[in-house]
Protein chains: 2
Amino acid sequence: MSDRKQFRDLADPDVAREAIASLDLAPDSETVPLAEARGRVLAERIDADLDVPGFDRASVDGYAVRGRDTFGADEADPIEFDLVGTVHAGTEPEIEVGAGEAAEISTGAVMPAGADAVVMVERTEELTDADAETPSAVAVRNAVAPGDNVMLAGTDVAAGARALGPGTRLTPREIGLLSALGLDEVPVRGTPTIGIVSTGDELVRPGEELHSERGEIYDVNSYTIAAGVEEAGGQAKLYPHAGDDYAEMERLLLEAADECDLVLSSGSTSASAVDVIYRVVEERGELLLHGVAVKPGKPMLIGELGDSAYVGLPGYPVSALTIFRTFVAPAIREAAALPEPQTATVRGRMARRERYAEGRLRLMPAGLVTDADGETLVYPVDKGSGATTSLVEADGVVAVDPDTEYLGEGEEVEVQLFSPDVRAPTLLAVGEDDPALSRLLDRLDNPRFLPVGSREGLRRLSNTIPDVAVVAGPVDRDVETVDLGGWTREWGLVVPAGNPERVDGLGDLVDRDLAFVNRGRDAGIRASLDAAIEDLATERDTSRRELTDAIRGYGVGTKGFESPARAVARGSADVGLGLRATADALGLDFVPLGTEPVRVRANPDRVERAGVEELAAELETASDVFASLSGYDHDAA
Amino acid sequence: MSDRKQFRDLADPDVAREAIASLDLAPDSETVPLAEARGRVLAERIDADLDVPGFDRASVDGYAVRGRDTFGADEADPIEFDLVGTVHAGTEPEIEVGAGEAAEISTGAVMPAGADAVVMVERTEELTDADAETPSAVAVRNAVAPGDNVMLAGTDVAAGARALGPGTRLTPREIGLLSALGLDEVPVRGTPTIGIVSTGDELVRPGEELHSERGEIYDVNSYTIAAGVEEAGGQAKLYPHAGDDYAEMERLLLEAADECDLVLSSGSTSASAVDVIYRVVEERGELLLHGVAVKPGKPMLIGELGDSAYVGLPGYPVSALTIFRTFVAPAIREAAALPEPQTATVRGRMARRERYAEGRLRLMPAGLVTDADGETLVYPVDKGSGATTSLVEADGVVAVDPDTEYLGEGEEVEVQLFSPDVRAPTLLAVGEDDPALSRLLDRLDNPRFLPVGSREGLRRLSNTIPDVAVVAGPVDRDVETVDLGGWTREWGLVVPAGNPERVDGLGDLVDRDLAFVNRGRDAGIRASLDAAIEDLATERDTSRRELTDAIRGYGVGTKGFESPARAVARGSADVGLGLRATADALGLDFVPLGTEPVRVRANPDRVERAGVEELAAELETASDVFASLSGYDHDAA
């Protein structure tokens, strides 16, 4: 192998945080139009440069008068004023109000000269002479003091006063005050620009064609981290994908360093790509730190490239997002002067004991579920950091200290959510993947389903973490559950359209040399197949093993419920284990072998949880779902 | 007056909510690029259309072998394999691994045909023949089972599986999963477009020239509500300002209705503008409801215009934002499928008893302050709904039921914040406005200062709501406080540059016919002036009243500390009461009358609050602030 860095001297995570904090990510301040200022942070103090209002302003509809002329007026004894004109809002008064005179005035209008108070219209009555069309006088039925119903110029905001301080986050109300001051642009803290350089020859941008046979995979980190950057208040700039070539990588990294406040590299898990970046940063910048004592993320790099800061993230998506969230996002928020949202962390209790003793900080991916008492439970999600699905099966990470030996069941922990917008699921379901189930879940608000298969689903339900398990086929495990309802589905052999091999039943699989694709052992449909094989063995007076050995492909189980049918569809198998509904959906033919029940079984403690009740209600009423799938029958609780 | 609607039959607020809920604001779904999908909500379920990974993938760096060939290998007894080649990530393997053979493989690379397991590089050693440059074999020091260190195709996500459900909010992690599935565009719920039509002849857009003499004011509501719309997940569209003309208003409203999902009108408090809108909606659309039993916001209109919904907001900024936040924002969020952020409300205790008995729902503007125990206190902010500053002096509103007679001191209430991004201030200061204070406040994180003057400031401090009061000049009230420090400032008469009237001292004000601009009674500097007049009266053996009657303008007090000086600067007065620092800042001349102390006095219960301690620390160390202002001297506690 190449002379890959081994990162023997891992830095303490706090040292890594300090190294990142020492980098200067803050861009210059800038001026933005008021209409785009929401969410930004003021770069400097704003003092009022004008009085608000800029004139003495009537604050009710009514009549502007000299207050002292109204003294003594009351309901029984109104005082009459001569009407000298009208002042509308938005016009300059052309009249002056003298002793015993009044002017009709609208809310918001300028007080005419001479007047110092307004009588509300409700306390007046217009008087019109018998032969006139318009009133000539007004009777005032209550007294007002000078200043009554008038807002003096500068009462709201006085010119020269401090209006908003530097560092103020601009929400709608601050936008309102800035509007009142007449500002149509605002000095705000700059948005840090974060360049994202994705590396590795195997990565392909979403939307482009993927060649799996070459080991290509879609680039997950670029868009994930870009979204994280923008959530933290930065602006993400994606650079075209770089391979493992030194010259190309150098050019890209230096271009990004020139254009951005911080450059993140991320993407590849391949050692050679990491090596190339390492060399570029070492040769063209300064490497402050390589390797941090944290799991995941050990190979993190921190340095400088030109005038830009540089952080190298791990390649696996969950690791990259975790390290970004824990080490990099706080620095971006700091540079953008935005606080971490309160909702970015939640507290909960460990759903079960979890052993550690890692010897370094562990950022453990964790899922959230709510127990019967409404308390948040936290459970580790450990699918291996290469799994993209950990991203959506976990809700965040728990930081476990290096010297922690275990987290006890019920121990309170803090979960740093992957996003302040992450919400704990309202329902945690596990078990058999099924097209009817998918449609039922579509009708619920924020459910989580882990397609672990029926057997594993029941096992997990017995661990009391999930709310419900969806269980298909024969069951060999005794778990106390509450049945919420279910359906039946027709299962059998999926064959190419037209059934070219004329497959007729299970016997063909055993007796002929057909390429078969099976499901994994945890699938309920696999248990149904195994039961059918058992029956055939009995019928033929032989052993099950004898029969399965004769089926080419029996031993390799695929994970997805459509996987065998898809293998048939693309021509890489003759027969696949699957559902009639799947064969229909993919335009394939189907040889039925039987009908199996699918039951939704609830953790007895969680039956009254809202999400479980909603699912139960859908199960009862969603006959349309079952009617729309061939081979399905509704079979309520 | 015109035949203005009186809204005698006010609708119940719940009826108004239902009326708004009955309007259809939800736009069609749309497809957006993945890079712009963050924060959006999935319009439909996304099923995986490919396996992730799409091939059997090495999950460590090492050697691909047939697992069964390694059985028996251990540290003491390694097994040798012939090296048949190398497989890098992102390349198609060109080799096949037979019995006793191994291929070097990188993490993420495609498993070569024949191999079913990978031995980690750390458990191997390359063997190079004496005369060769490259290794020809590898010694394997531990046994691996078939499948070890290999991630089978579809293990992470299987083609056909439900990946994300409809209604899922797209945070970085969901963006990650969508990337892994190769999607570069995503079907999302549409963003409701909200048209904002601003009305009233008196309104001027920020940035344009303001003619205060005509009663013009800046349009506060348009940008405020636009920011609120975007915060709620809508897209705001501002229409050019409309006056009170029926034909123009009709044209604008119908144009907005045609282009938007919801039209909001807002801006004017003038009855005629409201009348015009009312008529347009009644004649060209359908008015569902006019007038709601809520304070503020009684004149709210709800209806339909063409295919669009319509809501008319009150004219005063705080009222408009309050009604928007309470009635309209929830409907926009619903249409955008976004939940209300958890941080949009906080609970706290009433800082003092507050009487009501309004007979209708009251949405009371309220400020937040933290008491000595860290508990949130809520106090009413009642400056009259016309005051823009209520927007930033209040943090949100408390909904008080129609039949509530009073809220008791200590009673728990819920505050609906004006924005989920609103944070309670870290310090609530009241009292004398002062340029040194402004600079000190700039150094604190999120302080709130209410420039109510020294006298009113001390009064409020004695009510125990604020943390500190800033008090200038002589004090006539005895309040128990802790002095945190302060400064002195030179005060006197501000005159035009060059002092054209040759003003020499207080005597000139009394003896000559000079136009004087005073400060209000709550200002500390006014108390200093009054004390000086008292001294002059004693000296002249006359009464103070005698002297003040002789000063033209003595009786009218302005609010801002710069107001008198600004009046002098624009030529509308000969002399103004003010600071040497203000005269300097505005390029005016100054006739000193004395030096007055400014003290920062803390509520004894709050001395240990972080914000108060920070202010005290700044007071101690910020000599540079005082050195930078003419006539100032630092005078620490």
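Residues numbered from 1 in each chain as written. Chains lettered and ligands numbered in written order. Predicted model: local features only at pLDDT ≥ 70, side-chain atom pairs only at ≥ 80, totals over all residues. Heavy atoms only, no water.

## Considerations on the overall build of chain A
Here is step 1: A count of helical and extended segments in chain A gives 16 helices and 37 strands.
Here is step 2: Expected size for 637 residues packed as a compact globule is a radius of gyration near 26 Å; at 36 Å, chain A overshoots this value by more than 25%.
Here is step 3: Projected onto the principal axes, the alpha-carbon positions of chain A cover approximately 120 × 70 × 50 Å.
Here is step 4: Among the 637 residues that make up chain A, the fraction classed as buried is 57%.
Here is step 5: Contacts spanning at least 24 positions in sequence make up 72% of the contacts within chain A whose residues lie at least 6 apart.
Here is step 6: Carbon and sulfur atoms make up 42% of the accessible area of chain A, which totals about 25,100 Å². (Helix = DSSP H or I, 4+ residues; strand = E, 2+ residues; numbered from the N terminus. Rg over C-alpha atoms; globule rule 2.2 N^0.38 Å. Buried < 20%, exposed > 50% of the residue type's maximum accessible area, 1.4 Å probe, protein only. Contact = heavy atoms within 4.5 Å. Areas by Shrake-Rupley, 256 points an atom, 1.4 Å probe, with all protein chains shown as cover.)

## Quick look at the packing of helix 2 (residues 172-180) of chain A against helix 3 (residues 221-231) of chain B
Here is step 1: Running from amino to carboxyl end, helix 2 of chain A crosses helix 3 of chain B at an angle of 160°, the nearest separation of the two axes being 8 Å. The pairing of helix 2 of chain A with helix 3 of chain B is recorded here as roughly antiparallel in orientation. Here helix 2 of chain A and helix 3 of chain B pass one another in a crossing that is right-handed. The segment helix 2 of chain A lies against helix 3 of chain B, with A:Pro172, A:Ile175, A:Gly176 and A:Ser179 engaging B:Tyr223, B:Thr224, B:Ala227, B:Gly228 and B:Glu231.
Here is step 2: Here the contact of helix 2 of chain A with helix 3 of chain B is built from residues that sort into four nonpolar, four polar and one charged. (Axes fitted to C-alpha atoms, helices over the stretch in contact; angles between N-to-C directions. Parallel < 35°, antiparallel > 145°, perpendicular 65-115°, else oblique. Left-handed = near helix turned anticlockwise from the far one by under 90°. Nonpolar A, V, L, I, M, F, W, Y, C, P; charged D, E, K, R; others polar.)

## Brief notes about the packing of aromatic side chains
The geometry of an aromatic ring pair is captured by two quantities: the separation of the ring centres and the angle between the planes.
Here is step 1: What the rule picks out here adds up to two aromatic pairs over all chains.
Here is step 2: Measuring from centroid to centroid gives 5.2 Å for A:Trp487 and A:Phe626, while their planes differ by 35°, and the two rings are tilted. Remark: A:Phe626 occurs in helix 16 (residues 623-627) and A:Trp487 occurs in strand 32 (residues 482-495); sequence separation between them is 139 residues.
Here is step 3: Positioned above the aromatic ring of A:Tyr554 is the side chain of A:Arg526, whose terminal nitrogen or guanidinium carbon lies 4.7 Å from the ring centre.
Here is step 4: B:Arg353 extends its terminal NZ or CZ atom over the ring of B:Tyr406, reaching a point 3.7 Å from the ring centre. (Phe/Tyr/Trp six-rings, centres within 6.5 Å; stacked < 30°, edge-to-face > 60°. Lys NZ or Arg CZ within 6 Å of the ring centre and 35° of its normal.)

## Examining a negative patch on the surface
Here is step 1: On the surface, A:Glu92, A:Glu94, B:Glu209 and B:Glu213 cluster together into a negatively charged patch.
Here is step 2: Considering the arrangement of structural elements, one finds B:Glu209 in the loop between strand 14 (203-204) and strand 15 (217-218).
Here is step 3: A relative accessible area of 62% places B:Glu209 in the exposed class. (Patch = residues over 30% accessible without salt bridge, like charges linked within 9 Å, V, L, I, M, F, W, Y side chains within 5 Å. Salt bridge = Lys/Arg side-chain N within 4 Å of Asp/Glu carboxyl O. Lys, Arg positive; Asp, Glu negative; His and termini not counted. Charge placed at Lys NZ, Arg CZ, Asp CG, Glu CD.)

## Topic: the relation of the copies chain A and chain B
Here is step 1: For the pair chain A and chain B, the relating rotation is 180°, the translation along its axis is 0.0 Å, and the fit reaches an RMSD of 0.0 Å. Accordingly, the operation relating the two chain copies is best matched by a two-fold axis. Judged by C-alpha distance, A:Thr343 is the residue of chain A that lies nearest the rotation axis, at 3.8 Å.
Here is step 2: Interface residue correspondence from chain A to chain B reaches 99%, placing this contact among same-surface, isologous pairings. (Least-squares fit on C-alpha atoms with pLDDT ≥ 70 in both.)

## A closer look at helix 2 (residues 172-180) of chain B
An α-helix turns once per 3.6 residues; consequently, residues spaced three or four apart project the same way.
All names here are of chain B.
Here is step 1: Across the nine residues that make up helix 2, a large majority, nine, are buried.
Here is step 2: Buried within helix 2 are the following residues: Pro172, Arg173, Glu174, Ile175, Gly176, Leu177, Leu178, Ser179 and Ala180.
Here is step 3: Positioned one or two residues after helix 2, glycine 182 has a phi angle of 80°, which is positive.

## Comments concerning the interface of chain A and chain B
Many authors give the size of an interface as the accessible area that is lost as the parts come together.
Here is step 1: Taken together, the 108 residues of chain A in the interface contact 109 residues of chain B.
Here is step 2: Interface area for chain A against chain B, summed over the two sides, is near 8,600 Å², with a carbon-plus-sulfur share of 56%.
Here is step 3: Taken together, the links from chain A to chain B amount to ten salt bridges.
Here is step 4: Across the chain A-chain B interface, the total number found is 32 residue pairs in polar contact (both at pLDDT 80 or more).
Here is step 5: Residue assignment for the side of chain A that touches chain B shows that the elements contributing at least two residues are strand 11 (162-164), helix 2, strand 15 (217-218), helix 3 (221-231), helix 7 (390-393), helix 8 (435-442), strand 30 (447-450) and helix 13 (563-569) of chain A. (Buried area = accessible area lost by both parts, 1.4 Å probe. Polar contact = N/O pair within 3.5 Å; in protein donor to acceptor, adjacent residues only side chain to side chain.)

## Quick notes on the sheet that holds strand 21 (residues 308-312) of chain A
Residue and element names in this part refer to chain A.
Here is step 1: If you walk across this open sheet you meet the six strands as 16-13-17-21-20-18, and the pairing is mixed. Lying at the two open borders of the sheet, with one neighbouring strand each, are strand 16 (235-238) and strand 18 (285-290). Across the sheet, the mean angle separating the axes of adjacent strands is 25° when strand polarity is ignored.
Here is step 2: The sheet contact formed by strand 17 (residues 262-266) and strand 21 spans four bridges and is parallel. Bridge pairing links serine 265 to glycine 312 in strand 21.
Here is step 3: Each of strand 13 (193-198), strand 16 and strand 17 is contacted by helix 3, which is oriented at about 160° to strand 16, the strand it contacts most. (Pairing = 2+ DSSP bridges.)

## A look at the pairing of strand 31 (residues 468-472) of chain B
Residue and element names in this part refer to chain B.
Here is step 1: Judged by how many residues are buried, strand 31 sits mostly within the fold: five of five residues are covered.
Here is step 2: The alternating pattern of strand 31 places Val468, Val470 and Ala472 on one face and Ala469 and Val471 on the opposite face, and all of these are buried.
Here is step 3: Summarising the sheet, strand 29 (residues 427-431) and strand 31 pair through three bridges and their orientation is parallel. Looking at the pairing, valine 430 lines up with alanine 469 of strand 31.
Here is step 4: Pairing analysis gives five bridges linking strand 31 to strand 36 (residues 589-602), with the strands arranged antiparallel. Residue valine 468 lies in a different strand from strand 36, and its bridge partner there is alanine 602.

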